[in-house]
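Below are the chains, spelled out letter by letter.
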Amino acid sequence: MNSTEQTEEHYTFELSDKITRQKVTFKNRYGITLTGDLYSPKSHSNEALPALAISGPFGAVKEQSSGLYANQMAERGFVVLAFDPSYTGESGGEPRNVASPDISSEDFSSAVDFLGIQKNVDRNKIGIIGICGWAGFALNATAIDKRVKAVATTSMYDMTRVMSKGYNDATTLEQRAKILEELGEQRWKDAENGTPAYQPAYNKLSGGEAQFQIEYHDYYMTPRGYHERSINSGNAWTITTPISFMNMPILTYIKEISPRPMLLIAGENAHSRYFSEDAYKMASEPKELIIVPNAVHVDLYDKVDVIPFDKLDTFFKEHLK
């Protein structure tokens, strides 16, 4: 086996012997070909099953957290699609490693398209799970896509909020104006060069980082969660990626998820906890917020004994019917 084949088969978790995993491709509304892994229970009757689409965290790939979640939920009887977002991982789109809140939300709906035409899926029983930055896109996609019957998030980030306002909304108007001026100048540099420039490598520590940045490193840059295709594993987004996030608040229509149910899960000690709490306040019933005791943000990426999978199971079995 050569090194490229090993990379293709590198997952950060063990595949359950109770399920099958199949590589699939599908297109979004913008014609970008997405690549995903379809997880299906081995033992089931001929009846169509409930299904879930999962993606996240922001800058991660399907061989990391979303695949681990898919593995767990398929064991519990769901057909689950974990996919790489547009412009990342094995999915299409040029240039590489760029993101858009619109296209990222669309990617979830295109996953629902794909699931809804599978013979072993009941298209009236489809839900989505968003992890970290993809939690915000999951809520946005659910608000606009009435085919999604239930949505759950873990360690949620609202990427439009954090990019436009900073952590805990600390960015001042003057700082925001300066950032936008610099992004505008960068566009001219990219235009002159004919290719986009990239941010510094992600999650490489040089000392003095905040605790949550150390926790990101401990996931993405160690054997625990490292994957060479993951943007967060020492790669980077384009410098101009934040532009489309700066004035597009994705939770504007969160109330329109109702009457479909929403489950928000966050760690008690997560730096990101406020995103889930604020989304919960903004949303209409039915809604539920679970705070996992002692957990930090990245604990909900891969710690199977910490992530409340039994709760996710009962939530979706109750509401996908």
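Thresholds, definitions, all that
Residues numbered from 1 in each chain as written. Predicted model: local features only at pLDDT ≥ 70, side-chain atom pairs only at ≥ 80, totals over all residues. Heavy atoms only, no water. Pairing = 2+ DSSP bridges. Helix = DSSP H or I, 4+ residues; strand = E, 2+ residues; numbered from the N terminus. Axes fitted to C-alpha atoms, helices over the stretch in contact; angles between N-to-C directions. 1 Å grid on protein atoms, 1.4 Å probe; cavity = no way out; pocket = protein on both sides within 12 Å on 5 of 7 lines; lining within 4 Å. Points joined across faces, edges and corners; volume = space filled by probe spheres on them. Parallel < 35°, antiparallel > 145°, perpendicular 65-115°, else oblique. Left-handed = near helix turned anticlockwise from the far one by under 90°. Contact = heavy atoms within 4.5 Å. Buried < 20%, exposed > 50% of the residue type's maximum accessible area, 1.4 Å probe, protein only. Polar contact = N/O pair within 3.5 Å; in protein donor to acceptor, adjacent residues only side chain to side chain.

Undergrad: Help me out: how do you make sense of the sheet that holds strand β1 (residues 19–27) in this one?
TA: Paired through their backbone hydrogen bonds, the strands of a sheet run either parallel or antiparallel. An order of β1-β2-β4-β3-β5-β6-β7-β8 is seen for the 8 strands of this open sheet, with the pairing classed as mixed. Looking at which strands have only one partner, the edges of the open sheet turn out to be β1 and β8 (287–292). Strand after strand, the sheet turns through a mean of 20° between neighbouring axes, direction not considered. Pairing between strand β5 (residues 121–131) and strand β6 (residues 150–154): 5 bridges, direction parallel. By the bridge assignment, glycine 130 is partnered in β6 with threonine 153.

Undergrad: Just checking my understanding: could you explain the layout of surface pockets for this structure?
TA: Gaps left between atoms are located by rolling a probe of water-molecule size over the structure's atoms. Considering only enclosed or pocket space, the largest pocket measures out at about 890 Å³ in volume. For the largest pocket, the lining is made up of 29 residues, of which Tyr167, Gln199, Tyr202, Gln213 and Tyr216 are closest to its centre. Looking at the lining of the largest pocket, the elements that each hand over two or more residues are α5 (159–165) and α7 (211–220). By residue number, the principal contributor to the lining of the largest pocket is α7, which donates 4 residues.

Undergrad: Looking at this model, I keep getting lost on the packing of helix α3 (residues 101–116) against helix α4 (residues 133–144). Mind explaining?
TA: If you want to describe how two helices pack, look at the angle between their axes and the distance between the axes. The geometry of α3 relative to α4 is characterised by a closest axis approach of 8 Å and an angle of 70° between their N-to-C directions. Classified by the angle their axes make, α3 and α4 are roughly perpendicular. Classified by chirality, the crossing of α4 by α3 is right-handed. Judged by residue contacts, Pro101, Ser104, Ser105, Asp107 and Phe108 of α3 engage Trp134, Phe137, Ala138, Asn140 and Ala141 from α4.

Undergrad: Even after reading the chapter, I still don't get the environment of serine 164, so can you show me in this structure?
TA: One can find serine 164 in helix α5. Judged by relative accessible area, which is 10%, serine 164 ranks as buried. On a C-alpha basis, the gap between serine 164 and isoleucine 290 in space is 27 Å, while along the polypeptide they are 126 residues apart. Those residues in contact with serine 164 that lie beyond four places of it in its chain are Thr171, Arg176, Phe245 and Met246. Within the structure, the side chain of serine 164 is placed 2.6 Å from the backbone oxygen of threonine 160, a separation counted as a polar contact.

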